[in-house]
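Residue-level listing of the chains:
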Amino acid sequence: MSQVLDTPPPTQASADDDLAALAARHGLSVSGARPSLPEYVRQLWARRHFITAFATAKLTAQYSQAKLGQIWQVMNPLLNAAVYYFIFGVLLGTSRGVPDYIPFLVTGVFIWTFTQSSIMAGTRAISGNLGLVRALHFPRAALPISFCLQQLQQLLFSMTALVVIILSFGIPVTPRWLLALPALVLQSVFNAGVSMIMARWGAKTPDIAQLMPFVLRTWMYVSGVMWSISKLTKKDHLPHIVTVLLETNPAAVYIDLMRYALIHSFHGKQLPPHVWAAATGWALLAGIGGFIYFWKAEETYGRG
């Protein structure tokens, strides 16, 4: 009798251990548990066909209700470029001293739009697709990556208009055009990494999606989309730290690389120092860091 009274009741921890042992004995595992990083990469690669199909379907459906349809993929950045040309090129005079200003501006608008749209889509990748996240089991990183792929497809589609504009201004086709490919690859990796970071933040705090347009608009104004960073940084009145920040701004780096590749009058002296190292570094930092950061919260997406 005293032995029974002296036996302490089972604690919650011991009960949980017993349940865990029982589940393991019958081959059960935690639903939605985060896999290891190598396993997560393998799962993501196994769904590569889903990622490309999802991106293509979203791109096709984006303008399905508009009468002009997919033409808006080209018209939207061109109309933005026309507005910026009137305000900055004509009224504010930022076109003075910039050769081939219209190709310069249109290239900046197109490349910036790729980054802007990828980040905005990534911010809503989880919070805007909760039904899909809760209904199906798949690596959640597939969503922000597929949205970035969608924006890349849209950029490639609209690049035909950019090429026409460049050629219409008498800019020749040179071997430098081949540099556009590695520049786009690096920018795509950077965009995907930042999108995954924003997807995790947006999943936890959906209000971030309302704040991002203001952040991105500010980022656009300091990225040399409508004006020449190299022309500004040659002036002595800027503090050195401001010059370094402007030149190493990742959006500005990718815009300048694309301008250098496509516009003959945009010389190598206008590129910031070590531009390819900076472009590669930003891509690796954002791509790898963003992927790991997103993976660490894998089991929380769609909960609550």
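Residues numbered from 1 in each chain as written. Predicted model: local features only at pLDDT ≥ 70, side-chain atom pairs only at ≥ 80, totals over all residues. Heavy atoms only, no water.

- Under an unreviewed UniProt entry, the name given to the protein chain is Transport permease protein, and the organism recorded is Streptomyces filipinensis.
- Looking at the protein chain in UniProt, the text filed under Sequence similarities (unreviewed entry) is "Belongs to the ABC-2 integral membrane protein family." (UniProt positions renumbered as here; feature names shortened; annotations may be inferred.)

1. A few points about helix α10 (residues 208-221)
Side chains that are three or four residues apart share a direction in an α-helix, a result of its 3.6 residues per turn.
And step 1. Relative to the 20 Å expected for 14 residues at 1.5 Å per residue, α10 spans 20 Å between its end C-alpha atoms, a close match to the ideal helical length.
And step 2. Taken together, the buried positions of α10 are occupied by I208, A209, M212, L216, W219 and M220. In an axial view of α10, the angular spread of the buried residues amounts to 110°, which keeps them on one side of the axis. Opposite the packed face of α10, turned more than 90 degrees from it, sit the exposed residues Q210, L211 and F214. (Helix = DSSP H or I, 4+ residues; strand = E, 2+ residues; numbered from the N terminus. Expected span 1.5 Å × (residues − 1). Buried < 20%, exposed > 50% of the residue type's maximum accessible area, 1.4 Å probe, protein only. Arc of directions from axis to C-beta.)

2. Let's talk about the pattern of salt bridges
And step 1. According to the stated counting rule, one finds 2 salt bridges in the structure shown.
And step 2. Between E39 and R42 there is a salt bridge; the shortest N-O distance is 3.0 Å. A residue pair is termed a helical-turn pair when its members lie 3 or 4 positions apart in one helix, as E39 and R42 do in helix α3 (residues 37-46) at 3 residues.
And step 3. The closest approach of N and O atoms between D256 and R259, which form a salt bridge, is 3.8 Å. You can see D256 and its partner R259 sitting in helix α13 (residues 250-262), 3 residues apart, about one turn around the helix.
And step 4. Given a relative accessible area of 8%, D256 falls into the buried group.
And step 5. Residue R259 is classed as buried on the basis of its relative accessible area of 1%. (Salt bridge = Lys/Arg side-chain N within 4 Å of Asp/Glu carboxyl O.)

3. Overview of the side chain of Q43
And step 1. Among the structural elements, Q43 can be located in helix α3.
And step 2. Discounting chain neighbours no more than four positions away, the residues touching Q43 are P35 and P139. (Contact = heavy atoms within 4.5 Å.)

4. Focus: the packing of aromatic side chains
And step 1. Counted under the stated rule, the structure contains 10 aromatic pairs.
And step 2. On the numbers, 5.4 Å between centres and 85° between planes, the contact of W112 with W219 is edge-to-face. Of the two residues, W112 sits in helix α6 (residues 101-123) while W219 sits in helix α10, which places them 107 residues apart along the sequence. This pair shows no difference in class: W112 is buried, exactly as W219 is.
And step 3. Ring-pair connections join several aromatic residues into one group, and the members of that group are F50, F54, F138 and F147.
And step 4. Over the face of the ring belonging to Y260 we find R176, whose NZ or CZ atom lies 4.1 Å from the ring centre.
And step 5. The cationic tip of R200 hangs over the ring face of Y293; the distance from NZ or CZ to the ring centre is 4.1 Å. (Phe/Tyr/Trp six-rings, centres within 6.5 Å; stacked < 30°, edge-to-face > 60°. Lys NZ or Arg CZ within 6 Å of the ring centre and 35° of its normal.)

5. Some points on the environment of W219
And step 1. On the basis of relative accessibility, which here comes to 19%, the residue W219 falls in the buried class.
And step 2. When the C-alpha positions of W219 and Q116 are compared, they lie 9.4 Å apart, and in sequence the two are 103 residues distant.
And step 3. Look past the residues within four positions of W219 in its chain and what remains in contact with it is W112, T115, I119, F190, N249, P250 and A251.

6. Section: the packing of α6 against helix α9 (residues 180-204)
And step 1. Two numbers describe how α6 lies on α9: the axes approach to 7 Å, and their chain directions differ by 30°. When the axes of α6 and α9 are compared, the pair comes out roughly parallel. Helix-helix and strand crossings are classified by hand; for α6 and α9 the assignment is right-handed. Listed contacts from α9 to I111, F114, T115, S118, I119, G122 and T123 of α6 are L184, Q187, S188, N191, V194, S195, M198, A199 and G202.
And step 2. Class assignment of the residues belonging to the contact of α6 with α9 gives a composition of 7 nonpolar, 9 polar and no charged. (Axes fitted to C-alpha atoms, helices over the stretch in contact; angles between N-to-C directions. Parallel < 35°, antiparallel > 145°, perpendicular 65-115°, else oblique. Left-handed = near helix turned anticlockwise from the far one by under 90°. Nonpolar A, V, L, I, M, F, W, Y, C, P; charged D, E, K, R; others polar.)

7. As for the nonpolar core
And step 1. W112, M226, M258 and L262 are the most contacted members of the largest nonpolar core, which totals 58 residues.
And step 2. Mapped onto this core, the elements with two or more residues apiece are α5 (72-91), α6, α8 (142-168), α9, α10, α13 and α14 (275-295).
And step 3. Per element, the largest residue contribution to this core is 11 residues, and it comes from α6.
And step 4. With 20 residues, the next largest nonpolar core counts I126, V133, A142 and F291 among its residues. (Core = buried A, V, L, I, M, F, W, Y, C linked by side-chain atoms within 4.5 Å.)

8. Concerning the UniProt feature "transmembrane region" (unreviewed entry) in the protein chain
And step 1. Listed under "transmembrane region" (unreviewed entry) in the UniProt record, and renumbered for this structure, are residues 77-95, 101-121, 155-173, 179-199, 211-229 and 275-295.
And step 2. Between the end C-alpha atoms of residues 77-95 there is a gap of 19 Å, over a span that is 79% helix and 0% strand.
And step 3. For residues 211-229, the end-to-end C-alpha separation is 26 Å, with 63% helix and 0% strand making up the annotated structure.

9. Observations concerning the packing of α9 against α14
To characterise two packed helices, one gives the angle between the axes of the helices and the distance between these axes.
And step 1. One way to put it is that α9 packs onto α14 with a least axis distance of 7 Å and a crossing angle of 30°. Considering only the axes of α9 and α14, their crossing is left-handed. In this structure, α9 contributes P182, A183, L186, V189, F190, G193, V194, M196, I197, A199, R200 and W201 to the contact, and α14 contributes W276, A279, T280, W282, A283, A286, G287, G290, F291, Y293 and F294.
And step 2. Broken down by class, the residue content of the contact of α9 with α14 amounts to 18 nonpolar, 4 polar and 1 charged.

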